[in-house]
Protein chains: 2
Amino acid sequence: MAKELKNFTKRSDNYSQWYNELVIKADLAEQSAVRGCMVIKPYGYAIWEKMQRQLDDMFKATGHQNAYFPLLIPKSFLSREADHVEGFAKECAIVTHYRLKADKESGGVVVDPEARLEEELIIRPTSETIIWSTFKNWIHSYRDLPLLINQWANVMRWEMRTRMFLRTAEFLWQEGHTAHATKEEALEEVRRMLDVYAEFAEEYMAMPVVKGVKSANERFAGAIDTYTIEAMMQDGKALQSGTSHFLGQNFAKAFDVKFVNKENQPEYVWATSWGVSTRLMGALIMTHSDDNGLVLPPRLAPIQVVIVPIYKDTEGLKAISDRVAPIIGELRAKGVSVKYDDADNKRPGFKFADYEVKGVPVRIAIGQRDLENETAELVRRDTLEKQSVSLVDLADRVVDELADIQKSLYNRAKAYRDARTFTVDSYDEFKQKIEDGGFFLAHWDGTTETEERIKEETKATIRCVPFDGDKTPGVCMVTGKPSAGRVLIARSY
Amino acid sequence: MAKELKNFTKRSDNYSQWYNELVIKADLAEQSAVRGCMVIKPYGYAIWEKMQRQLDDMFKATGHQNAYFPLLIPKSFLSREADHVEGFAKECAIVTHYRLKADKESGGVVVDPEARLEEELIIRPTSETIIWSTFKNWIHSYRDLPLLINQWANVMRWEMRTRMFLRTAEFLWQEGHTAHATKEEALEEVRRMLDVYAEFAEEYMAMPVVKGVKSANERFAGAIDTYTIEAMMQDGKALQSGTSHFLGQNFAKAFDVKFVNKENQPEYVWATSWGVSTRLMGALIMTHSDDNGLVLPPRLAPIQVVIVPIYKDTEGLKAISDRVAPIIGELRAKGVSVKYDDADNKRPGFKFADYEVKGVPVRIAIGQRDLENETAELVRRDTLEKQSVSLVDLADRVVDELADIQKSLYNRAKAYRDARTFTVDSYDEFKQKIEDGGFFLAHWDGTTETEERIKEETKATIRCVPFDGDKTPGVCMVTGKPSAGRVLIARSY
């Protein structure tokens, strides 16, 4: 199995196949018996739990509280906001009946036609409608604002072409929904949460992102503006990793949510929503991993360091275990998650390959000779470099290596992205270069027509107008019409 | 509002109405626009999060890993296990279509009849079937066992009569699903997880429970045996608070899950499943709360102590805040969750009433006079007793009070239950006494007929055969036939 684990398709041969194989071989997820729905396996779920915990802490630190709203949404709710229904009421799972009955013919069960719902229920594709119908009861006065709510939940969109983590019919996510007394406050919230996402992506996922605003075409259905963080994968394609929406008063009007302001006047509430999902798992995998398997940034690795004893007999193992025990204790006291793998039904070579495929950041092997010399062999997953290290200060050394790996992964990803980010002024040059992937900073005339032409001719889309982009006016690379500044264009997931 | 908050129905007047009002007034949950589905509000969800975190730690400490399986289950899966389909494939939410389309007439959306699923999908009422269809791919050899999996998820059962937390169409829960090489190992797991539930109920919820095994009639659909923990509510009714099932080889056979044993022979796997749900919120509320509102055990209270400054002006507030700041720091360092409520838009009296209704275990008020005397007023939620305490060792004092409240609540609940637990030998006496509620230890002949007769005539059911019950043989109180020991009988939620 050790060999088979390493027998990957190479990224350079077929990036897409490499990704699909990696998800399976690193034991992250697998297809289920239900079309488009995946099973998230324990190792994959452990990474998602680390993401969740960190994001949840960040949401709470910015004043948000968790709550839980119903899975099912009455069909009529979706139609309340005109753009929203356009975007979400198409491909979705629809509950029409509430009872099965025995089928004498087949011996199985069939839908009981008597148990038809008066109004169909939709499995939530997103929860703005059900939440704003609830907010109506919660908001009366300016004293009830801001209302800062988050929900961790499963959602469902009936996608036709699915890929594990990147696009699945059911996925896990968090959705923040907030209500504010003023437009300014709502806009601040939209930006604050985008910054939280960017900080999480860069500091925890070690994944550099470009922050910006979406074009009208790429906005969330029902939003006035959508802010986004965009990351570059190793095939040069962009992955939208988190979005934060300014919803204006659209949902307040659709669900008649007003508050009495300090001047005792009724006003519609201002809204935001923001979310990240298990899609981040796809982004994490594709940003750092290599032809040998998964590479995990230490801050999100369920196992940060694995220690493998190499022994001939029980006595040999005992000698190593005794020497290693205080080091493990020291590592745990420093908050490092350690696995000591002394299982005797797998050979060391198999273990090494397995932890490599699973992206464990630091691997330490200790044999009889090492023990005599008070040393160990340390291998970093990011560089696969072997070093002989002293047992005496091993815990401190591991902590340093983990910090260095976290930083190096970010720097490597950033260097990769920067080297593949191009400023272009000619559409011909763009059309040629886009074939190799990459981010392109180009002038665009701001029209949907031009945007759609670019998409049709090159499969690339406007990812965002970067907040800190070049705001010097110029001329659109496609039409020659005036442009207010450069936008980020790329092919994307 | 302070007065209104306290204007509850009394438990003695109408226990059921008291409960419904409490859920609303303590801001725990509310009905949603979707029949039978509740919205769990931030304060209620914060309690659930504390439960989740503690249970999750206990599951991990006993070797379990989390994973995630699809929300939707193919209809045919439910029919694979004969008893299971009987129990679960009746009232459930059925997805029949996957697309809506614009309706020109109404301007809304309608189900697209073209988008009918070939096989209907059921929103999981429990996940044995989808999980065992997955386990088939994960289990090949004895080396793959035991497989110890847990899932945190939402599930749905189309209940006709719902009550918040106690019985809702959608609810949140965890479901453990494990696979073992031997019957003995599976039985050990079933008992281990029941013990985990009992420990959680008693040590964290401060709720005493009776552990035992269900009668055939009350078993989980598809189980060989169901173990349960039963708690007594303040109306003398039982609430089943957690169950752990020995599934034998039923699901392994239904989904053809075999492993190769050490002797290289194929064998069917042995299974368990176990779960607790947001129903525990109902149990928590009904075990401790009183006519003034919620009473929370400190270990599950989102806010363990609230400090309310009583001041006339900004300077007065500043003097109190300065003196209190280091005490708050000390409390937080000791792991106590503190809220310092210096909001100036609510009067102290309102705050006191609000925290009382919300069950905050310890409330501290500090005024100008207190500051001069280096004292504060401390009120325990469980006794509503006021004490003057010194500011000097306040943090230590609060820690002691919290520990004492946790213990007192358990002792109080246990004394309440013990005083209402009766040993009866006469069916007439039982029929008379059951009208006032309570637990009854009585002899039963072990037949379903007698069990059903008791239920019909008294609305009471056999809650369990207690593990540590009286095993002295006797005669059934109903039929006079031989009985192997006393069983626990009660009316229940």
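Remember, predicted model here, so these are calculated numbers, not experimental data.

When chain B is fitted to chain A, the best match, at an RMSD of 0.0 Å, comes from turning it 180° and sliding it 0.0 Å along the axis. Read as a symmetry element, the transformation amounts to a two-fold axis. Relative to the rotation axis, the C-alpha of Val95(B) is the closest in chain B, positioned 2.1 Å from it. A share of 100% of the interface residues of chain B reappears at the interface of chain A, consistent with the copies meeting face to face through the same patch.

Bringing the pairing of strand β20 (residues 386–390) of chain A into the picture now. The side chains of a regular strand alternate between both faces of the sheet. Residue and element names in this part refer to chain A. Residues of β20 alternate between two faces, with Gln 387 and Val 389 buried on one and Lys 386, Ser 388 and Ser 390 left unburied on the opposite face. Inspection of the sheet shows strand β19 (residues 375–380) paired to β20 by five bridges, in the antiparallel sense. Opposite Val 379, over in β20, you have Lys 386 as the bridge partner. Between the end of β19 and the start of β20, which pair antiparallel, lie five residues, with Leu 384 showing a positive phi angle near 60°.

Moving on: the sheet that holds strand β20 (residues 386–390) of chain B. Residues and elements named next belong to chain B. Here we have five strands laid out as an open sheet, ordered β17-β16-β18-β19-β20, and mixed in their pairing. Each of the sheet's edge strands pairs with one partner strand only, and the pair in question is β17 (338–340) and β20. Put simply, the sheet's adjacent strands are angled 25° from each other on average, direction ignored. Bridge analysis of strand β16 (residues 305–309) against strand β18 (residues 362–366) gives five bridges, and the strand direction is parallel. Bridging across to β18, Val 305 finds its partner in Val 362. The strands that helix α10 (residues 314–333) touches are β16, β17 and β18; relative to β17, the one it contacts most, it runs at about 170°.

Residue and element names in this part refer to chain B. With respect to the helices and strands, the residue Lys 455 is situated in helix α15 (residues 448–458). As for Lys 455 and Ala 490, which are separated by 35 residues in sequence, their C-alpha atoms are 9.6 Å apart. Those residues in contact with Lys 455 that lie beyond four places of it in its chain are Ala 460 and Thr 461.

Our next topic: the interface of chain B and chain A. For interface size, the figure often reported is the accessible area lost on association. With 64 residues of chain B at the interface, the matching set in chain A holds 64 residues. For the chain B and chain A pair, buried surface summed over both sides reaches about 5,100 Å², with 64% attributable to carbon and sulfur atoms. Its largest share of buried area at the contact with chain A, chain B owes to Tyr68(B), Ile94(B) and Leu100(B), together 13% of the area lost on that side. Inspection of the chain B/chain A interface yields four salt bridges.

The next thing to look at is the packing of α10(B) against helix α13 (residues 394–419) of chain B. Helix-helix packing is characterised by the crossing angle of the two axes and by the distance between the axes. Residue and element names in this part refer to chain B. Interaxial distance between α10 and α13 falls to 9 Å at its minimum, and their mutual angle equals 40°. The angle between the axes of α10 and α13 places the two elements in the oblique class. As α10 runs across α13, the sense of the crossing is right-handed. Contact with α10, carried on its side by Ile 327, Glu 330 and Leu 331, involves Leu 394, Ala 395 and Val 398 of α13 and no other residues of that element. Its residues assigned to classes, the contact of α10 with α13 comprises five nonpolar, no polar and one charged.

This part takes up the environment of Tyr355(A). Residue and element names in this part refer to chain A. With respect to the helices, strands and loops of the structure, Tyr 355 is situated in helix α11 (residues 348–357). Residues contacting Tyr 355, with those up to four places away along its chain left out, are Val 306, Lys 339, Asp 341 and Val 360. For Tyr 355, the side chain forms a polar contact with the side chain of Asp 341, separated by 2.6 Å.

It is worth spelling out the sheet that holds strand β16 (residues 305–309) of chain A at this point. Residues and elements named next belong to chain A. Taken together, five strands build an open sheet; the order of strands is β17-β16-β18-β19-β20 and the sheet is mixed. On the outer flanks of this sheet lie β17 (338–340) and β20, each paired with one strand and no other. With strand direction ignored, the average angle separating the axes of adjacent strands in the sheet is 25°. When strand β18 (residues 362–366) meets β19, the two strands line up antiparallel, connected through four bridges. Bridging across to β19, Ile 364 finds its partner in Leu 378. Sitting on the sheet, helix α10 (residues 314–333) is in contact with β16, β17 and β18, with an inclination near 170° to β17.

Definitions and cut-offs
- Chains are numbered independently. Their residues run from 1 in the order of the written sequence.
- A letter from A marks each chain and a number from 1 marks each ligand, given out in the order of writing.
- Selection of residues for local features in this predicted model requires a pLDDT of at least 70, selection of side-chain atom pairs for listing and counting requires 80 or more, and totals for whole chains, interfaces and linings are taken over all residues.
- Hydrogens are left out, water is left out, and the side-chain values use all remaining heavy atoms of the structure.
- Alignment of copies: least-squares fit on C-alpha atoms of residues with pLDDT of at least 70 in both copies.
- By definition in these notes, contact holds between two residues if any of their heavy atoms fall within 4.5 Å.
- Accessibility here uses a 1.4 Å probe with only protein chains present; expressed as a share of the type maximum, an area under 20% marks a residue as buried, one over 50% as exposed, and anything in between as partly exposed.
- Counting from the N terminus, the helices are the DSSP runs of H or I reaching at least four residues and the strands are the DSSP runs of E reaching at least two.
- DSSP-based pairing: two strands are paired if at least 2 bridges between them are found.
- The angle between two axes is taken between their N-to-C directions and runs from 0 to 180 degrees, where each axis is a line fitted to C-alpha atoms and a helix contributes only its stretch in contact.
- Once two parts are joined, some of their accessible surface, as seen by a 1.4 Å probe, is lost; buried area is that loss totalled over both.
- We define a salt bridge as a contact between a side-chain nitrogen of Lys or Arg and a carboxyl oxygen of Asp or Glu at a distance within 4 Å.
- These descriptions rest on fixed angle ranges, namely under 35 degrees for roughly parallel, over 145 for roughly antiparallel, 65 to 115 for roughly perpendicular, and the rest for oblique.
- By convention, the crossing between two helices is left-handed when the near helix turns anticlockwise from the far helix through less than a right angle, and right-handed when the turn is clockwise.
- The nonpolar class holds Ala, Val, Leu, Ile, Met, Phe, Trp, Tyr, Cys and Pro. Asp, Glu, Lys and Arg form the charged class, and all remaining residues, Gly among them, are polar.
- Pairing of N or O atoms within 3.5 Å defines a polar contact, subject to two protein rules: one partner must be a possible hydrogen donor and the other a possible acceptor, and residues neighboring in sequence count only if both atoms are side-chain atoms.

By themselves, these are just geometric observations and shouldn't be taken as functional.
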